[in-house]
Protein chains: 2
Amino acid sequence: MSILPQHPLTIKDQADSLLRQFIGYNMKRAYHEIQAELTQAFKQIGLKIGSFAVLCAVLEYPGLKQSALAENLAIEQANLVQMLDDLEKKGLVKRERASGDRRAYALFITEKGKKLCLQAQQICSDLEADFLQDCSAQEIDSLITLLQKIEGRVKAKRI
Amino acid sequence: MSILPQHPLTIKDQADSLLRQFIGYNMKRAYHEIQAELTQAFKQIGLKIGSFAVLCAVLEYPGLKQSALAENLAIEQANLVQMLDDLEKKGLVKRERASGDRRAYALFITEKGKKLCLQAQQICSDLEADFLQDCSAQEIDSLITLLQKIEGRVKAKRI
DNA sequence: TATTGTTATACTCTATAACTATA
DNA sequence: TATAGTTATAGAGTATAACAATA
């Protein structure tokens, strides 16, 4: 295990210190780093971050329809189609005609897809555990709660 | 007989509950909402989020060089050039040859740029105050601290 | 040789409109 | 009329390589 020097983050010598007062900016910067790291890690198993989200949702909710999936993941139906085409071509998910509505597809994960998804979840967990290692369980919990709270507040404001 | 869920998901059901255990996913979702809202708000004053960051940095650090700016904002020099072209064309910043290094440009904000930047900061503050209104000052403070801590940890890991 | 700014390019992510077939 | 899935496309944001001028 690597023992990294743990120094308090000082931003006074950074040119973006003024920007650091904004939650959104800090969020963008933090996610930018996580995204880069996760994208790299997922390359080993040929998965993209967006496809991982799709896999997780289909694993947890078999039979989910595309429209419901897109809405739940906050992505456009149109963009989901291509992801599913790719996942289906790789044999990770399958579309089945939904009974009762011949327009809709019900989505299912394959055994291969399930395996890959669990593997990706492990990669994701390991990565997060690594950069959260000096955060308390309570800190992590309240961070997730706050992020969800903020997401909900902004969304509610728009509608 | 098809294996369909007994109760089809409604809008309020969350198909991504499994994903919600990941900090990165919550961060992406929260920022996605903030970004949409801020992009919309900035359209009134003809500014993009990226350009706003550049303006803020140049306002706070007059004479900053492009290379230093790009590094501090974690963006590529190549992409900064286009932003600066745009900001300069609008009369918001100006490039001046840096004394001592004829390759480099020193960046300065104009009066017009300063005015617009302060206006944008107000828009940003108002927007955040709105969706943070039921968060305590301590919650907000610890959120910022945690985001910066995470950003630093992931970055340190990569290097 | 290395660095600063630049150009060109490509790839991903995201957003929108329009189409089809069903409802 | 409205909805599910699809297609095509356009706009951002981001990343890389290569170049000229300068260090």
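Just above sits the structure.
These lines cover the structure that appears in this document, whether it is placed above or below. Just so it is clear, the structure is predicted and the values come from calculations on it, not from any experiment.

What follows is about the sheet that holds strand β3 (residues 105-109) of chain A. All names here are of chain A. An order of β1-β3-β2 is seen for the three strands of this open sheet, with the pairing classed as antiparallel. Whereas interior strands pair on both sides, the edge strands pair on one side only; in this sheet they are β1 (64-65) and β2 (93-97). Here two bridges tie β1 to β3, and the two strands are oriented antiparallel to one another. The partner of L64 across the bridge, within β3, is L107. Helix-sheet contacts for helix α2 (residues 49-60) involve β1, β2 and β3, and the interaxial angle to β3 is about 95°. The strands touched by helix α4 (residues 77-89) within the sheet are β2 and β3, with β2 carrying the most contacts at an inclination of about 110°.

We now examine the protein's contact with DNA strand D. The full set close to DNA strand D counts 18 residues, and A:Q66, A:S67, A:R103, A:Y105 and B:N79 are the nearest of them. In DNA strand D, the atoms that sit within 4 Å of the protein are 58% sugar and phosphate, with bases accounting for the remainder. With respect to DNA strand D, the side chain of A:R95 contributes an N or O atom lying 3.1 Å from a phosphate oxygen. Broken down by secondary-structure element, the contributors of at least two residues to the surface near DNA strand D are α1 (23-43), α3 (66-73) and α4 of chain A together with α4 (77-89) of chain B. No other element matches α4(A), which puts three residues into the surface near DNA strand D. Each residue belonging to the surface near DNA strand D can be placed in one class, and the counts come to five nonpolar, five polar and eight charged.

The next thing to look at is helix α3 (residues 66-73) of chain B. Those residues of α3(B) lying buried are B:Q66, B:L69, B:A70 and B:L73. Axial view of α3(B): buried residues confined to an arc of 95°, hence all on one face. Looking at the buried positions of α3(B), the neighbouring elements they touch are α1 of chain A together with α2 (49-60), β1 (64-65), α4, β2 (93-97) and β3 (105-109) of chain B. B:A74 sits one or two residues past α3(B) and shows a positive phi near 60°.

Note on aromatic pairs: each is described by the distance of the centres and the angle between the planes. Counted according to the given criterion, the structure contains four aromatic pairs over all chains. Where A:F42 meets A:F52, the ring centres are 5.1 Å apart and the plane angle is 65°; that geometry is what we call edge-to-face. Of this pair, A:F42 sits in helix α1 while A:F52 sits in helix α2, placing them 10 residues apart in sequence. Residue class for A:F52 comes out buried when judged on its relative accessible area of 3%. Of the aromatic side chains, those joined through ring pairs into one cluster are A:F22, B:F42 and B:F52. Stacked on the ring of A:Y105, the Lys or Arg A:R95 has its end atom at 6.0 Å from the ring centre.

With that out of the way, let us pick up the packing of helix α1 (residues 23-43) of chain B against helix α5 (residues 111-131) of chain B. Residue and element names in this part refer to chain B. At a closest axis distance of 10 Å, the pairing of α1 and α5 adopts a crossing angle of 140°. Classified by the angle between their axes, α1 and α5 sit oblique to one another. Considering the relative orientation of α1 and α5, their crossing is right-handed. Packed against α1, whose contacting residues are I34, E37, L38, A41 and F42, the element α5 presents A120, I123, C124, L127 and F131 at the interface.

The local shell around DNA strand C holds 19 residues, among which A:N79, A:R102, B:S67, B:R103 and B:Y105 are the closest. The sugar-phosphate backbone supplies 56% of the atoms of DNA strand C found within 4 Å of the protein. With respect to DNA strand C, the side chain of B:Q66 contributes an N or O atom lying 3.0 Å from a phosphate oxygen. A distance of 2.6 Å separates a phosphate oxygen of DNA strand C from a polar backbone atom of B:S67.

Parameters at a glance
Residues numbered from 1 in each chain as written. Chains lettered and ligands numbered in written order. Predicted model: local features only at pLDDT ≥ 70, side-chain atom pairs only at ≥ 80, totals over all residues. Heavy atoms only, no water. Pairing = 2+ DSSP bridges. Helix = DSSP H or I, 4+ residues; strand = E, 2+ residues; numbered from the N terminus. Contact = heavy atoms within 4.5 Å. Axes fitted to C-alpha atoms, helices over the stretch in contact; angles between N-to-C directions. Near = heavy atom within 4 Å. Polar contact = N/O pair within 3.5 Å; in protein donor to acceptor, adjacent residues only side chain to side chain. Nonpolar A, V, L, I, M, F, W, Y, C, P; charged D, E, K, R; others polar. Buried < 20%, exposed > 50% of the residue type's maximum accessible area, 1.4 Å probe, protein only. Arc of directions from axis to C-beta. Phe/Tyr/Trp six-rings, centres within 6.5 Å; stacked < 30°, edge-to-face > 60°. Lys NZ or Arg CZ within 6 Å of the ring centre and 35° of its normal. Parallel < 35°, antiparallel > 145°, perpendicular 65-115°, else oblique. Left-handed = near helix turned anticlockwise from the far one by under 90°.

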